[in-house]
Amino acid sequence: MVSLIRKVKFCVSLQNPKTAAAVRTMVKDRAMSELQKCFGACMEFGTAGLRAAMGPGVSCMNDLTIIQTTQGFCVYLEQCFTDLKQRGVVIGFDARAHPPSGGSSKRFACLAASVLISRGVPVYLFSDITPTPYVPFTVSHLGLCAGVMVTASHNPKQDNGYKVYWANGAQIIPPHDKGIAAAIEQNLEPWPKSWDTDGALQSSLLNDPYQDIHREYCQTIQQHCFHRELNKNTKVKVVHTSVHGVGHIFVQAAFKAFDLQPPYAVEEQKDPDPEFPTVKYPNPEEGEGVLTLSFALADKEGATVILANDPDADRLAIAEKQESGQWRVFSGNELGALLGWWIFQCWKQQKEDGKASIKDVYMLSSTVSSKILRAIAVKEGFHFEETLTGFKWMGNRAKELLDQGKTVLFAFEEAIGYMCSPAVLDKDGVSAAAIAGEFVSYLASKNRTLSHQLRSIYEEYGYHISKNSYFICHDQDTIKRLFERLRNYDGKNSYPKECGGFAITAVRDLTTGYDSNQPDNKAVLPTSKSSQMITFTFANGGVATMRTSGTEPKIKYYTELCAAPGNSDLNQLKTELDNLVDAIVEHFYQPEKNNLTPRPE
């Protein structure tokens, strides 16, 4: 209680009148539960940076916690880079804002710039909202030491985040997260000039990269445009929604860079709005509920394809009108198959002009994503690698391969994230939108659709049917019990051998480091005790991964049934996967016993 009071007094004395007033009101009203919620536990800095609700207290995103985080980050950068004051850091921000606390992405970005400039570090602060991919692009393009993006991506409107990129252009991975976290703890007292945003904005150390980077980005992605004449003449009509985020002007520009006709914009959603007024969740991964206005506009204009970015434009969802008149929203795994196939076909076209050998070509995906790229790689002769979940791992691995002279064509994760260009070592919904636009135009010239092409891919390389979802759980003890039960299923240190009649042939636990497929039972992929993740392989060809989310109160599951080429009884495969998922939910999740809330429909 003493430490809680000390934290409260510390924050009341600070310079944001809205957060200080909110804390004083809580103290005056003796609102102990609210005080505990805001001050009970500090946010933990990890490889995903920070993500939390905006508001007062050490548990929330606010002026003070942004200053503290940036001070620690700055000190860590000073320890790692002797040329930090020559190279500098880039900072971008989205359009999020929280009027009750006075917090906003732009405000937080300016405070972060102020901290760095106070230590003599050059800062490339975008003067306006940008997509998240512009930050890693800028790090790589300008050779900077690091980058910060202030965004909470597709989280609820009250949230914000602080995402960090390293000098290699990829998100940070261990040990940088621990090093930054330790430096934050040692630099909690605001430095004298940390609050001086006015002074920072007048500093000669401040640069605005907006115009130059926007131009360079649009020029760079043209390397992936292979059918310019076809693009100019295409009759395909496309609708785009930015879901009240930043994506509109950037996707329009990317289409122009490819000489594609501009997509129809969903008027009600094209401009940034931190309230996200037309959607319950600003996440196109949730599917049809987010796309209602897009469907209406497409039907009105006669468009057959819809592209949807999440609010920070690093993800891309695609829907296509079927012959029946119904809309099909492709899953992230289906889009991974489509885009991976298309980018490989484009590379093969280049290869005829003397490009790299196929033995130096790589594609990547996360371990919870579809194995379809593996099947394509086996048949076509290029390399496929799996990484841990998250683009931080794929981006860093891609950079390692690029530094070895390899060609990294594509990387994806099932959560509608795609890296279609090595110029951005992270998921990028802007370049993916333009590449998808060209792909659709090409297919239309052959009287084909995305659905036709997906079926052809599965018929050639084998059907890969996936079913992913999640349960919501706010109780960490419940989550821990659920996973510990699986690790001690038939006695201590024994995993399940079957699930509802489905035989289990292998288990990999990346929390403990166990992998029954390895000779020494030790997992090859990196392990982390800070998150839960178990993968079960079944005798019928099914694979199921259960894991916790690093940024949301979810226990996710990812399931896939991989069939050999020629096994085209799709209905039978879907039924078998449905039965497997039902068994996993009933026997492993036990939602009623554990009081788990299903994914909202």
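Residues numbered from 1 in each chain as written. Predicted model: local features only at pLDDT ≥ 70, side-chain atom pairs only at ≥ 80, totals over all residues. Heavy atoms only, no water.

Draft legend 1. Inspection of the overall build of the protein chain at higher detail. Helix and strand counts for the protein chain come out as 20 helices and 25 strands. The C-alpha atoms of the protein chain give a radius of gyration of 24 Å, which matches the 25 Å a tight globule of 601 residues would have. Overall, the protein chain is about 70 × 65 × 50 Å in size when its C-alpha atoms are taken along their principal axes. Here the protein chain, with 601 residues, has 57% of them falling under the buried criterion. Sequence separation of 24 or more characterises 69% of the internal contacts of the protein chain that already satisfy a separation of 6 or more. (Helix = DSSP H or I, 4+ residues; strand = E, 2+ residues; numbered from the N terminus. Rg over C-alpha atoms; globule rule 2.2 N^0.38 Å. Buried < 20%, exposed > 50% of the residue type's maximum accessible area, 1.4 Å probe, protein only. Contact = heavy atoms within 4.5 Å.)

Draft legend 2. Main features of the pairing of strand β7 (residues 159-165). When you tally the buried positions in β7, you get seven out of seven residues, the bulk of the element. Alignment of strand β6 (residues 146-150) against β7, held across four bridges, turns out to be antiparallel. Within β7, the position partnered with glycine 147 by the bridge is tyrosine 165. (Pairing = 2+ DSSP bridges.)

Draft legend 3. View of the sheet that holds strand β15 (residues 383-387). Read from one edge to the other, the open sheet built from four strands follows the order β15-β14-β16-β17, with strand pairing classed as mixed. The sheet is open, and its two borders are formed by β15 and β17 (417-419), each paired with just one other strand. Within the sheet, the average angular offset between the axes of one strand and its neighbour, ignoring direction, is 15°. For strand β16 (residues 407-413) and β17, the ladder comprises three bridges, and the chain directions are antiparallel. Residue pairing in the sheet places glutamate 413 in a bridge with glycine 417 of β17. Packing against the sheet, helix α15 (residues 372-380) makes contact with β14 (361-366), β15 and β16, and its axis sits at approximately 155° to β15. Those strands touched by helix α16 (residues 391-403) are β14, β15, β16 and β17, and its axis lies near 175° from that of β16. (Axes fitted to C-alpha atoms, helices over the stretch in contact; angles between N-to-C directions.)

Draft legend 4. The arrangement of the pairing of strand β23 (residues 542-548) in detail. Counting buried residues in β23 gives seven out of seven residues, a clear majority hidden from the surface. In the sheet, strand β22 (residues 533-538) pairs with β23 via five bridges, with the strands oriented antiparallel. For threonine 537, the partnering residue across the bridge sits in β23 and is valine 543. Count of turn residues in the β22/β23 antiparallel hairpin: three residues, of which glycine 541 carries a positive phi of about 95°.

Draft legend 5. How the structure looks around the packing of helix α12 (residues 248-257) against helix α17 (residues 429-445). Look at α12 against α17: their axes get within 9 Å of each other, and the N-to-C directions meet at 40°. Here α17 runs oblique to α12, going by the angle between their axes. With respect to the hand of their crossing, α12 and α17 are arranged in right-handed fashion. Contact with α12, carried on its side by Phe250, Val251, Ala254 and Phe255, involves Val430, Ala433, Ala434 and Gly437 of α17 and no other residues of that element. When grouped by side-chain class, the residues that make up the contact of α12 with α17 number seven nonpolar, one polar and no charged. (Parallel < 35°, antiparallel > 145°, perpendicular 65-115°, else oblique. Left-handed = near helix turned anticlockwise from the far one by under 90°. Nonpolar A, V, L, I, M, F, W, Y, C, P; charged D, E, K, R; others polar.)

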